[in-house]
Amino acid sequence: MGRPNKTIQHPNATTTSTALCLHTYDQLRRTPFNRVFAAVYTCAILTLLYHHALQIFKTTTLLSFSLSLLLLTADSIIAFQWASAQSFRFRPIRRREFPENLETVIRETDNNYPAVDIFICTADPYKEPPIGVVNTALSVMAYDYPAEKVSVYVSDDGGSELTLFAFMEAAKFAGHWLPFCRRNNIMQRSPEAYFRSNYTSSPDSENIKTLYENMKARIEQVVEQGKVGKEYVDDEQQLKALGKWATHIFTRQDHPTIIQVLLVSERDTDMTSCAVPNVIYVSREKSKNRPHNFKAGALNVLVRVSAVMTNAPIILTLDCDMYSNDPQTLKRALCYFMSPSMPPSLGYVQFPQIFHGINKDDLYSSEHKLVFQINPLGLDGLQGPNYVGTGCFFKRRALFENPSCFINPELPELSPNHIIRNPIYSHDVLALAHRVAACDYEKYSHWGSKLGFRYGSLVEDFYTGYRLQCEGWRSIFCSPETPAFLGDSPVSLIDQLGQMKRWSIGLLDVLFSKYCPLTFGIRSMGLLMGLAYSYYGCWPIFSIPLVIYAFIPQLSLLHGASIFPKVTDPRFLLYIFMFFGAYMQDLLAYVLARGTIQRWWNWQRMWMISGLSSFSFGCLEFSLKSLGIAMPEFNITNKVQNNELSKRYKQGIFEFGVSSPLFVPITMAAIINLMALVVGLFDGILKGRNFDELALQILLSGFITINCLPIYEAMLLRSDEGRMPTKITIISMFLVLALYVVGVIAHQI
Ligand SMILES: O=c1ccn([C@@H]2O[C@H](COP(=O)(O)OP(=O)(O)O[C@H]3O[C@H](CO)[C@@H](O)[C@H](O)[C@H]3O)[C@@H](O)[C@H]2O)c(=O)[nH]1
Ligand SMILES: [Mn+2]
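Residues numbered from 1 in each chain as written. Chains lettered and ligands numbered in written order. Predicted model: local features only at pLDDT ≥ 70, side-chain atom pairs only at ≥ 80, totals over all residues. Heavy atoms only, no water.

Per an unreviewed UniProt entry, the protein chain is named Cellulose synthase-like protein G3, and its organism is Nepenthes gracilis. UniProt annotates the protein chain under Subcellular location (unreviewed entry) with the comment "Endomembrane system". (UniProt positions renumbered as here; feature names shortened; annotations may be inferred.)

What follows is the structure in structure tokens.
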């Protein structure tokens, strides 16, 4: 324990002491290049800012002063973003694990496989179809791991009998599915994904497939009817459980606690008389006038309920939309937790979020490659990646204060050291589980502030990981060749923008809290980690330079005013270098992480689009919230797709369709940039005027116009459901006109 053991950690050690080696890492080769580039780029930034400052002093009119100030503001924010992002490039590493050695190491160190509690969150049976949740659960129940050590807890914030019913069905089906997976040693353990894949058909598999299809049909019928009809239940106990929906008033915001033990490993077995994992359905008590803290609240209830029932030292948190894609994953995570060379301060092991169902060029950049796959490598070389809400294994103790000082929870039964003596279905255990799931339970306690998942941000994952790392917990990024988990990502523009807006509000919650990463973060974790968290915290602020660059140079151009250096000015080259330097470095990182150029292009376009819309609306809603005017909610991302929409998505066609204000800023940007481009070229080429003074403005408008091509198409050329609603086009045109008029007035004073 304690300091890392060199022989085990060294990359070349794999061949000599394979028996002991659980993990190694390599530093990425591009690091020295990145550092040199960073030095050069820093000089460029400083030169540019210096010139901006000079410019401000030279201005003579109010208008030129304001313009210079705007440009200085925009460039300072971009410069800060760039500088803080360097922490991801400072020391990126890539790890490898050797789960095949785990068994030996465990034996040699006189250990046992630890128990693991798996938490799956769901919140709405209509946006998150129960059959999907069930598939997630089955995929982890079938891990290559002693079944009696695994417990699956489902948190249903939808408080829906439909989800409970789906799990009753799943508990029965698991009896067939788990032995089938073992017998055939299949890799894909989510039945839906397995039967969708190119599996080898056999009488055995066809048999299971029929069982699966039957279960799926029953679950979907029940969801369609909106309630569980009597004909679907034959079991007394199940009738009793579902009866609670008949005897109480049940809405999502208001209902009593339901805890239903569906499978018990000590009691139940599968079709081949082998052990099955525990499966427990939990729907915490909700009351309209009590805050429930969204997902963080749900997870804390599971932390307590599981403490009372199984109290495993390792916890895996999973979203219902993310199934396990590799049965070895649990053992892979244990390569770190069980490793003698890992420091005791290891708090969590994060796997990347990787998505299925994304179209070829990733139209909406839904894979978030930078956030989920590239940046974490950089953090891993420092004190570890941020927590991303799903696919993350925690040490239970990490949820109870910092590595050196342990906080006792208010009940001794919740302590990570507590040993459970009674079976999970015993009266005492269930009574206590109900007590800790009540909506008043957390009153006057440390839950959400010092204990468990932290409250106060709509990105509870980001905030919780951040607070844990500030307390001294370190984390590991585990990114195996075969994705460990595969999830759903929004496949329509509005869903994607809505999700990014929620994230923006959540990030601002953190930035403007007393735990601001720029101050508290840098103090607690050092400069690089603090800056890395600030980079995300300031994400939404990036809307400011984006809005400035999408409108101001274009408006000026329309009025014939030059605001950037001439072609003959050396600063022209500085701009060109900075633009291409930053873009090409991102492109390189993208391609090296097995992205394509096309995907990178879509990513930079989405960055522009969400910057203009989600981030600025996020800032707006956050301000309204701070003034007490609005109360942003956790709007769950829709996981159901309609056919026409998915067809267009597969073809790579942008989806607008709904009249959402989120589309207004991007439509305005599209219009004004096209206007500026046309006017600029017209003036420059035909009238031969100002071309060299306006070149940068024309280039910028041209670049944005190319990015906006799908928007013009959606406004003018399409007639399908996904086209730009006429209302949005008209509103945007009016607003652009208004901007133009403001420009005229500003020009005259
Ligand atoms: O009141 C709530 C709201 C949400 N959820 C669950 O939270 C998960 C994430 O919700 P989703 O709508 O899929 O949001 P995403 O934006 O896709 O989620 C990302 O961002 C969230 C923070 O905003 C993180 O919690 C997620 O782990 C991360 O994948 C889902 O399983 C929901 O069921 C709850 O349990 N209770
Ligand atoms: Mn999700």
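### A look at the site of ligand 1
In the region of ligand 1, 25 residues are neighbours, and Asp157, Glu460, Arg502, Thr637 and Lys639 sit closest. Note that an oxygen atom of ligand 1 is positioned 2.7 Å from one of the side-chain N or O atoms of lysine 639. Expressed as a share of its isolated accessible area of 680 Å², the protein-covered part of ligand 1 is 96%. The class makeup of the residues in the shell around ligand 1 is 10 nonpolar, 6 polar and 9 charged. Here the shell around ligand 1 gathers at least three residues from each of two domains, domain 1 (31–91 + 516–748) and domain 2 (116–491). (Near = heavy atom within 4 Å. Polar contact = N/O pair within 3.5 Å; in protein donor to acceptor, adjacent residues only side chain to side chain. Areas by Shrake-Rupley, 256 points an atom, 1.4 Å probe, with all protein chains shown as cover. Nonpolar A, V, L, I, M, F, W, Y, C, P; charged D, E, K, R; others polar. Domains from an automatic or database assignment.)

### Side note on the pairing of strand E11 (residues 474–477)
Residues Arg474 and Ile476 of E11 are buried on one face, and the alternating residues Ser475 and Phe477, pointing to the opposite face, are buried as well. As paired strands, strand E9 (residues 346–350) and E11 are joined by 4 bridges and run parallel to one another. Along E11, the bridge assignment pairs valine 349 with isoleucine 476. (Buried < 20%, exposed > 50% of the residue type's maximum accessible area, 1.4 Å probe, protein only. Helix = DSSP H or I, 4+ residues; strand = E, 2+ residues; numbered from the N terminus. Pairing = 2+ DSSP bridges.)

### Digging into the nonpolar core
If you look at the biggest cluster of nonpolar residues, it comprises 211 residues, and the most contacted ones within it are Ile118, Trp177, Val305, Met309 and Phe393. Considering each element in turn, this core owes the most residues, 14 residues, to helix H7 (residues 161–184). Here this core spans two domains, since at least three of its residues come from each of domain 1 (31–91 + 516–748) and domain 2 (116–491). Setting aside anything within four residues of it in sequence, one finds methionine 309 in contact with Tyr153, Ile259, Val261, Ile280, Ile420, Ile424, Val429, Leu430 and Ala433. (Core = buried A, V, L, I, M, F, W, Y, C linked by side-chain atoms within 4.5 Å. Contact = heavy atoms within 4.5 Å.)

### Some points on the sheet that holds strand E5 (residues 258–263)
The mixed open sheet is built from 8 strands, whose spatial order is E5-E6-E4-E3-E7-E10-E9-E11. On the outer flanks of this sheet lie E5 and E11, each paired with one strand and no other. Averaged over neighbouring strand pairs, the angle between their axes works out to 20° when direction is ignored. Summarising the sheet, E9 and strand E10 (residues 392–395) pair through 3 bridges and their orientation is antiparallel. (Axes fitted to C-alpha atoms, helices over the stretch in contact; angles between N-to-C directions.)

### What about a nonpolar patch on the surface?
A cluster of nonpolar side chains, namely Ile730, Phe734, Leu737, Tyr740, Val741 and Ile745, defines an oily patch on the protein surface of about 560 Å² accessible area. With respect to the helices and strands, isoleucine 730 occurs in helix H26 (residues 726–748). (Patch = residues over 30% accessible without salt bridge, like charges linked within 9 Å, V, L, I, M, F, W, Y side chains within 5 Å. Salt bridge = Lys/Arg side-chain N within 4 Å of Asp/Glu carboxyl O.)

### Observations regarding the domain arrangement of the protein chain
According to the domain assignment, the protein chain consists of domain 1 (31–91 + 516–748) and domain 2 (116–491). Taking the mean C-alpha position of each, domain 1 and domain 2 sit 38 Å from one another. With 43 residues of domain 1 at the interface, the matching set in domain 2 holds 46 residues. Buried area between domain 1 and domain 2, both sides added, is near 4200 Å², and the carbon and sulfur share of it is 64%. Ranking the residues of domain 1 by area buried against domain 2 places Tyr533, Arg599 and Tyr649 at the top, with a combined share of 19%. Taken together, the connections running from domain 1 to domain 2 amount to 4 salt bridges. (Buried area = accessible area lost by both parts, 1.4 Å probe.)

### Brief notes about the UniProt feature "binding site: Mn(2+)" (unreviewed entry) in the protein chain
Residues annotated by UniProt as "binding site: Mn(2+)" (unreviewed entry) correspond here to Lys295 and Asp319. These annotated residues cover 25 residues of sequence, but their C-alpha atoms sit close together, with the largest distance between any two at 9.8 Å. Tracing the sequence through the fold places lysine 295 in helix H11 (residues 294–309). Once you skip the residues sitting within four places of it in the chain, lysine 295 turns out to touch Cys121, Asp319, Gly389, Glu460 and Phe634. With respect to the element layout, aspartate 319 can be found in strand E7 (residues 314–319). Excluding residues that lie within four positions of it along the chain, aspartate 319 makes contacts with Ile120, Cys121, Thr136, Lys295, Gly389 and Thr390.

### Here we look at the pattern of salt bridges
Scanning the entire structure with this criterion turns up 32 salt bridges. The closest approach of N and O atoms between glutamate 460 and lysine 295, which form a salt bridge, is 3.7 Å. In this pair, glutamate 460 sits in helix H15 (residues 460–470) while lysine 295 sits in helix H11, placing the two residues 165 residues apart along the sequence. For the pair glutamate 460 and lysine 295, one class covers both residues: buried. Between arginine 648 and aspartate 720 there is a salt bridge, and its shortest N-O distance comes to 3.6 Å. Highlighted residues: arginine 648 in helix H22 (residues 643–651) and aspartate 720 in the loop between helix H25 (709–717) and H26, separated in sequence by 72 residues. A relative accessible area of 9% means that arginine 648 is categorised as buried. Judged by its relative accessible area of 23%, aspartate 720 is partly exposed. Where salt bridges share partners, they join Arg648, Glu655, Arg718 and Asp720 into one cluster.

### So, the packing of helix H21 (residues 597–626) against helix H24 (residues 691–707)
Their axes nearest at 10 Å, the elements H21 and H24 cross at an angle of 105°. As far as their axial angle goes, H24 and H21 are roughly perpendicular. Residues Trp601, Gln604, Arg605 and Met608 of H21 pack against Phe703, Ile704, Ile706 and Asn707 of H24. In the contact of H21 with H24, the residues fall into 5 nonpolar, 2 polar and 1 charged. (Parallel < 35°, antiparallel > 145°, perpendicular 65-115°, else oblique.)

### As for helix H10 (residues 236–247)
The first and last C-alpha atoms of H10 sit 16 Å apart over 12 residues, in line with the 16 Å expected at 1.5 Å per residue. Those residues of H10 that sit buried are Gln238, Ala241, Leu242 and Trp245. One face of H10 carries all of its buried residues, which in axial projection span an arc of 85°. Opposite the buried face of H10, at more than 90 degrees from it, the exposed residues are Glu236, Gln237, Lys240, Ala246 and Thr247. Its buried side turned inward, H10 meets H7, E5 and strand E6 (278–283). Measuring from the side-chain oxygen of the N-cap residue of H10 to the backbone nitrogen of glutamine 237 gives 2.8 Å; that N-cap residue is aspartate 235. (Expected span 1.5 Å × (residues − 1). Arc of directions from axis to C-beta.)

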